[in-house]
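A closer look at the structure
Listed below are the residues making up each chain.
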Amino acid sequence: MAAAFTALRVLLGLFFLLTGAVKLSDQLSADLHRHMKSQFVRFADVFPLKEFGFAPEPGRYLEVVGWVEVVAGLLLAFGPQLLQEISNFILSVIMIGAIYTLLVLREPLAMCAPATLCLGLLLLLNIRGHAAPPKPKFE
């Protein structure tokens, strides 16, 4: 079972690495990158911290989310356990933010499905994806 969770962790990390790279560069898919840029203009309008006076510039917002996804995805896939746990938490927060944003924009629920699935898999890894603690030798 540990091999299945390791495979899931690596694949999920590589998925986030890829989605972050698409946000950062048009080299992988120019159309998708252009679409993301236009979407982040809408996303910046409903940014959760806007109520507190922090309104990100859409291009910078896209860039920050892209870099966070690249770094956290890389660490989730190949980092040591502590950094895997930290990146799992950070990516979970990003997915919660993505779901919140899509719901506030009244997007169809089908648009929330990828972020919800990713959040569910991240939480599964957080709950069940670690090796069992070693048992004491003198029991």
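For the structure itself, consult the block above.
Residues numbered from 1 in each chain as written. Predicted model: local features only at pLDDT ≥ 70, side-chain atom pairs only at ≥ 80, totals over all residues. Heavy atoms only, no water.

Looking at the pattern of salt bridges
- The full count for this structure, using the stated rule, is three salt bridges.
- In this structure, the salt-bridge partner of glutamate 69 is lysine 23, at a minimum N-O distance of 2.8 Å. Residue glutamate 69 is found in helix 3 (residues 58–78), and its partner lysine 23 is found in helix 1 (residues 2–24); the two are separated by 46 residues along the sequence.
- Overall, glutamate 69 belongs to the buried group, its relative accessible area being 3%.
- Here arginine 34 ties to aspartate 31 by a salt bridge, and the two come within 2.4 Å at their closest N and O atoms. (Salt bridge = Lys/Arg side-chain N within 4 Å of Asp/Glu carboxyl O. Helix = DSSP H or I, 4+ residues; strand = E, 2+ residues; numbered from the N terminus. Buried < 20%, exposed > 50% of the residue type's maximum accessible area, 1.4 Å probe, protein only.)

Focus on the nonpolar core
- In terms of nonpolar packing, the biggest core is built from 15 residues, with Leu12, Phe16, Leu91, Met95 and Leu122 touching the most fellow members.
- Those elements that provide at least two residues to this core are helix 1, helix 3, helix 4 (81–104) and helix 5 (109–128).
- For this core, the leading source of residues is helix 5, giving five residues. (Core = buried A, V, L, I, M, F, W, Y, C linked by side-chain atoms within 4.5 Å.)

What about helix 1?
- With 23 residues, helix 1 should cover 33 Å at 1.5 Å per step; its first-to-last C-alpha distance of 33 Å lies within 8% of that length.
- Along helix 1, the residues classified as buried are Phe5, Leu8, Arg9, Leu12, Gly13, Phe16, Thr19, Gly20, Val22 and Lys23.
- The elements touched by buried residues of helix 1 are helix 2 (30–45), helix 3, helix 4 and helix 5. (Expected span 1.5 Å × (residues − 1). Contact = heavy atoms within 4.5 Å.)

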